[in-house]
Each structure stands twice: as structure tokens, then as C-alpha cells.
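Observations on the three-dimensional arrangement
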Amino acid sequence: MYKFQKQKKRSQFRIKLGCVFYTLKRYFYWIKYSKHFAKIPKEYKIKKSENFSAPVNLEKIKQDFPYTVFTHSSPLYRNLSKEDMELQEGKVHNLNLAHKYICGTVIKPGELFSYWKLIGNPTKFRGFKKGMVLSNGKPGSGIGGGLCALSNLLYWITLHSPLSVKERYRHSFDVFPDSNRTLPFGSGATCVYNYRDLMILNETQDSYIFIVYIENKRLCGELRSNNKCDFHYEVYEKEHYISMEAAGIYVRHNSLYRKTFIVDEQGKDALQRDDLITENHAIMMYNPILTYEKKDYDKK
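The structure contained in this document is the topic of the report that follows. Bear in mind that the values here come from a model prediction, so they are computed numbers and not experimental data.

1. What to know about the environment of Val133
With respect to the secondary-structure elements, Val133 resides in strand S4 (residues 130–135). Considering only alpha carbons, one finds Val133 and Val92, 41 residues apart in sequence, at a separation of 13 Å. Residues in contact with Val133, not counting those within four places in the same chain, are Lys138, Pro139, Gly140, Ser141, Gly142 and Gly145.

Pasting the structure below:
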């Protein structure tokens, strides 16, 4: 049962010390289990690609992985203020850099996909720019900002596959009101280099590959397999509500579930499972109570 707790205030020194500790801990983890992590095979890489949106040999990949498991895309630009346009352009630039480290990654049976191990540290030295980042529920700017759009995409695709999510985080705050939202609340995966990672484990007998590209101002992703997948999935939300925990403090809640279907002998979808994926609880940084403005047609 959810119980609201006020956030503890920590000094900047303690926060920085904690970041250093968990960053080093993650580095040691990567080194210890280095042989178990997924990577991009050399045969799929293109040294100099004229098409920057597809830095791998897509023709060969589709021959080796002929079955599409799931596809999804999201807009690169949001309807934000003009002042934020520079940060949005920085986000798009960062996604252009980062997606090439993901596109073509093969996850073999028993292997683990690590978002940050593949991308690396998004520093200014490596060409990353300032984009929008969220800190304690407030939007700001930071080098490498906007990369959560890529982790969100990969997480949503993974939920529609036989792969298992082993590590995933979401923001403790709901920062922006729903605007043209197409996915359930809480279906993203926020990442902070390198201790807040998105890690995906392949516990099946088949191999999978991520393809990520940019097209028509959209970030597009695709998961393919070397064998046909007999299952398909439906992710949906339940128990969505907003509670008032203190004066002016609202918390948004919901639960994400996933239905697993298999095609039976008659060619019909047969429900196999209906599982809870996760519960989400986030402090709202905006007033959920909308004021009603009387329109001219109301006066008639």
C-alpha cells in the first residue's frame, strides 16, 4: 500500500559523494560481468555512413533477423515554449549521437543489455550538447539532456517482447500535464549516467536486435528476432487516480499490466497471462484541477 513520504533534504556534498559511490560501483559491475553484456557485432557496423540515421548495415541485419517483434516511434519535438527550443535542438543532436551506439545491438541468449554501457558518458568532449534534464521535479539544462527519450522508447518496445526488464527507473515527479499523450502514465524509463540504467536480460533461446533510427522528425525503434515469436503483448494501465497528500501536494498513481497472447490452432488470440508490470507514484508539479472558462456558445 502506498504511503506518502516527504523527500529528505541532503547537502550538496552528500549528493555528490553518493553519485561518486554509485558510479564507481556500477563501473566495477560492468568490469566483473563484461563478458555477459550485449554489443554491436563488427559485421553490422559501417565505418563511414552517408546516412547518419542508420549507422549499420540494415540489409544484412534484416537477413539475419527476419522477424519483427515490435516497432514504435515518438516525436522529437514537443510543444514547449520558444525559450526551450534551444534545449530541444540540443536534445535532437544528443539523440543523433546516442542512437548509433544502440542501433545494431544484438542480445544473445543469456546476455544483458545495458543502456549506459553501450552509450558511454554523454560529455561535452564527446560532442554532446545541453538539453533538458529534470532534477528534483524541476526542468533545467545539462550536457546530454534529452536522452531519456531513447531509453523510454527502448523500454516500451521491450515490454512488448519476451525480453525481461532487470533494471528500470522512472521520475518521482510528474512534471508536465498530459499533452497529446499516447502511452500510459509511468511507461517511461529515466536514466542518469551511469547508476540509473536501463538493463534488459534475454532469458529466451532466441537472439534479438535493436534497430533505432531518426525519420520525419521522429525517433523510431524496432526489435527484431532470428526466430518467429509466437506471442504478442498488450500493455495497459489500471487503478489510475490522483490523491491529495498534503496542502497543495498531489500524487498521481497507476499500475501497468501486460497481457500475453498466443495464436491458437484456429488462428485466434488466446490469453495466456495478465501480469502486473509495475506501480507508479509521482508527485505532481502542476495543479491537476483545471479551471473551466465559459465560452461564447455556453451563453446561447
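2. Some thoughts on the nonpolar core
Ranked by size, the top nonpolar core spans 50 residues in total, and within it Ile102, Phe113, Tyr115, Leu150, Leu154, Phe210 and Leu219 carry the most contacts. Of all the elements in the fold, those that place two or more residues in this core are helix H3 (85–98), strand S2 (106–107), strand S3 (112–114), helix H4 (115–119), helix H5 (148–159), strand S8 (199–201), strand S9 (208–215) and strand S10 (218–225). For this core, the leading source of residues is H5, giving 8 residues. Excluding anything up to four places from it in sequence, Phe210 contacts Ile102, Cys103, Gly104, Thr105, Ile107, Phe113, Leu154, Ile157, Thr158, Ile200, Glu222 and Leu223. Core analysis: the second largest hydrophobic core is formed by 5 residues, Phe4, Phe173, Val175 and Val251 among them.

3. Concerning the environment of Thr23
Considering the arrangement of structural elements, one finds Thr23 in helix H1 (residues 12–32). Using a relative accessible area of 16% as the deciding quantity, one classes Thr23 as buried. Taking C-alpha positions, Thr23 is 5.9 Å from Asn194, a pair spaced 171 residues apart along the chain. Residues within four places of Thr23 in sequence aside, it is in contact with Asn194 and Tyr195.

4. Remarks on the sheet that holds S3
As summarised here, the arrangement of the 3 strands in space is S3-S8-S6, forming an open sheet in which the pairing is antiparallel. This sheet does not close on itself; its edge strands, each paired only once, are S3 and strand S6 (164–167). Along the sheet, successive strands turn relative to each other by an average axial angle of 30°, direction set aside.

5. Re the pattern of salt bridges
Where charged atoms of side chains with opposite charge meet at close range, the side chains can pair. Tallied over the entire structure, the rule returns 6 salt bridges. With a shortest N-O distance of 3.7 Å, Asp197 and Arg26 are connected by a salt bridge. Of this pair, Asp197 sits in the loop between strand S7 (173–174) and S8 while Arg26 is found in helix H1, placing the two residues 171 residues apart along the sequence. Like Asp197, the residue Arg26 is buried in the burial classification. What you see here is one network of salt bridges that share partners, running through Arg26, Glu167 and Asp197.

6. Details of the side chain of Arg224
With respect to the element layout, Arg224 can be found in strand S10. A distance of 2.5 Å separates a polar atom in the side chain of Arg224 from a polar atom in the side chain of Glu222. Every residue in contact with Arg224, bar those within four places of it in the chain, is listed here: Lys62, Phe65, Pro66, Tyr67, Thr68, Val69, Ser207, Tyr208, Ile209 and Ile211.

The rules behind the values
Residues numbered from 1 in each chain as written. Predicted model: local features only at pLDDT ≥ 70, side-chain atom pairs only at ≥ 80, totals over all residues. Heavy atoms only, no water. Helix = DSSP H or I, 4+ residues; strand = E, 2+ residues; numbered from the N terminus. Contact = heavy atoms within 4.5 Å. Core = buried A, V, L, I, M, F, W, Y, C linked by side-chain atoms within 4.5 Å. Buried < 20%, exposed > 50% of the residue type's maximum accessible area, 1.4 Å probe, protein only. Pairing = 2+ DSSP bridges. Axes fitted to C-alpha atoms, helices over the stretch in contact; angles between N-to-C directions. Salt bridge = Lys/Arg side-chain N within 4 Å of Asp/Glu carboxyl O. Polar contact = N/O pair within 3.5 Å; in protein donor to acceptor, adjacent residues only side chain to side chain.

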